[in-house]
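Structural overview for review
What follows is each chain in one-letter form.
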Amino acid sequence: MARELVGAVAESMELDRDYVEEALELKSSFQKFGGNFYPPCPEPDQTLGLPAHNDPGLFTILLIRDGLPGLQIDRQDQWFEVNPPPNSMIVNMFTNGRCKSSRHRAVVNEERERMSIAVGNGPGKDVMVGPAAPLVERDGRTFYRSMKYVQYVESQLTRAYNGMSILDEQKI
Ligand SMILES: O=C(O)CCC(=O)C(=O)O
Ligand SMILES: [Fe+2]
């Protein structure tokens, strides 16, 4: 499914599907499966379930148990609640900034525990991820540095959140 979605986005940018399949090594693509459990919190205003971040993969498929609210998306420095059903998010590196990845976070609530499962669909783990060459040519410049995908995921999982996403740090 993720391959189909990536292919469709590629075509919408007049990129060749075969080029994208090969450049991202989608045949051996790397999936990250994460379970989130947010217990009820007596002071939900004092904390976050998950701090603001951008998901590292090409698409995240997010399943939210019971469709409970909690996911919020940043639009021009304002947080908006996202109502389930599931949402997909795209990183903007490969598209040289055309598709914007959504910065998002999860908040907690006083009454009920909340659970979600995020399946991040990436390219192959050793692929150097950066803007697609034909798009860089079209734009006359690259807007992001390239980075090995596995390092990108690892640095997102292990770093302390400083308000900046790795995506921000890769911007030129
Ligand atoms: O629990 C949620 O709604 C968000 C989870 C999320 O953003 C993530 O796992 O990357
Ligand atoms: Fe996320």
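Below is a short write-up of the structure. Everything numeric in this text was worked out from a predicted model, so none of it was measured.

Calculation criteria
Residues numbered from 1 in each chain as written. Chains lettered and ligands numbered in written order. Predicted model: local features only at pLDDT ≥ 70, side-chain atom pairs only at ≥ 80, totals over all residues. Heavy atoms only, no water. 1 Å grid on protein atoms, 1.4 Å probe; cavity = no way out; pocket = protein on both sides within 12 Å on 5 of 7 lines; lining within 4 Å. Points joined across faces, edges and corners; volume = space filled by probe spheres on them. Helix = DSSP H or I, 4+ residues; strand = E, 2+ residues; numbered from the N terminus. Nonpolar A, V, L, I, M, F, W, Y, C, P; charged D, E, K, R; others polar. Patch = residues over 30% accessible without salt bridge, like charges linked within 9 Å, V, L, I, M, F, W, Y side chains within 5 Å. Areas by Shrake-Rupley, 256 points an atom, 1.4 Å probe, with all protein chains shown as cover. Salt bridge = Lys/Arg side-chain N within 4 Å of Asp/Glu carboxyl O. Lys, Arg positive; Asp, Glu negative; His and termini not counted. Charge placed at Lys NZ, Arg CZ, Asp CG, Glu CD. Near = heavy atom within 4 Å. Polar contact = N/O pair within 3.5 Å; in protein donor to acceptor, adjacent residues only side chain to side chain. Sits in = over half its atoms within 2 Å of the grid points.

Looking at the layout of surface pockets
- For the largest pocket, the calculated volume is near 410 Å³.
- Together, 26 residues line the largest pocket, and Lys32, Leu50, His53, Asp55 and Ala118 are the ones closest to its centre.
- Mapped by element, the contributors of at least two residues to the lining of the largest pocket are strand S1 (29-38), strand S2 (50-53), strand S3 (59-64), strand S7 (104-106), strand S8 (114-124) and helix H4 (149-158).
- For the lining of the largest pocket, the residue count by class is 13 nonpolar, nine polar and four charged.

Quick look at a negative patch on the surface
- Residues Glu43, Asp45, Glu110 and Glu111 make up a contiguous surface patch of negative charge.
- Tracing the sequence through the fold places Asp45 in the loop between S1 and S2.

Some points on the site of ligand 1
- Every residue near ligand 1 is listed here: Asn36, Tyr38, Leu50, His53, Asp55, Leu62, Leu71, His104, Arg114, Ser116 and Ala118.
- At a separation of 3.1 Å, an oxygen atom of ligand 1 approaches a polar side-chain atom of His53.
- At 2.7 Å from an oxygen atom of ligand 1 is found a side-chain nitrogen or oxygen belonging to Ser116.
- Protein contact buries 93% of the 300 Å² of open area that ligand 1 shows by itself.
- Counting atoms within 2 Å of the grid points, the majority share of ligand 1 lands in the largest pocket.
- Mapped onto the shell around ligand 1, the elements with two or more residues apiece are S1, S2 and S8.
- With three residues, S8 is the single largest residue contributor to the shell around ligand 1.
- Considering only residue class, the shell around ligand 1 consists of five nonpolar, four polar and two charged.

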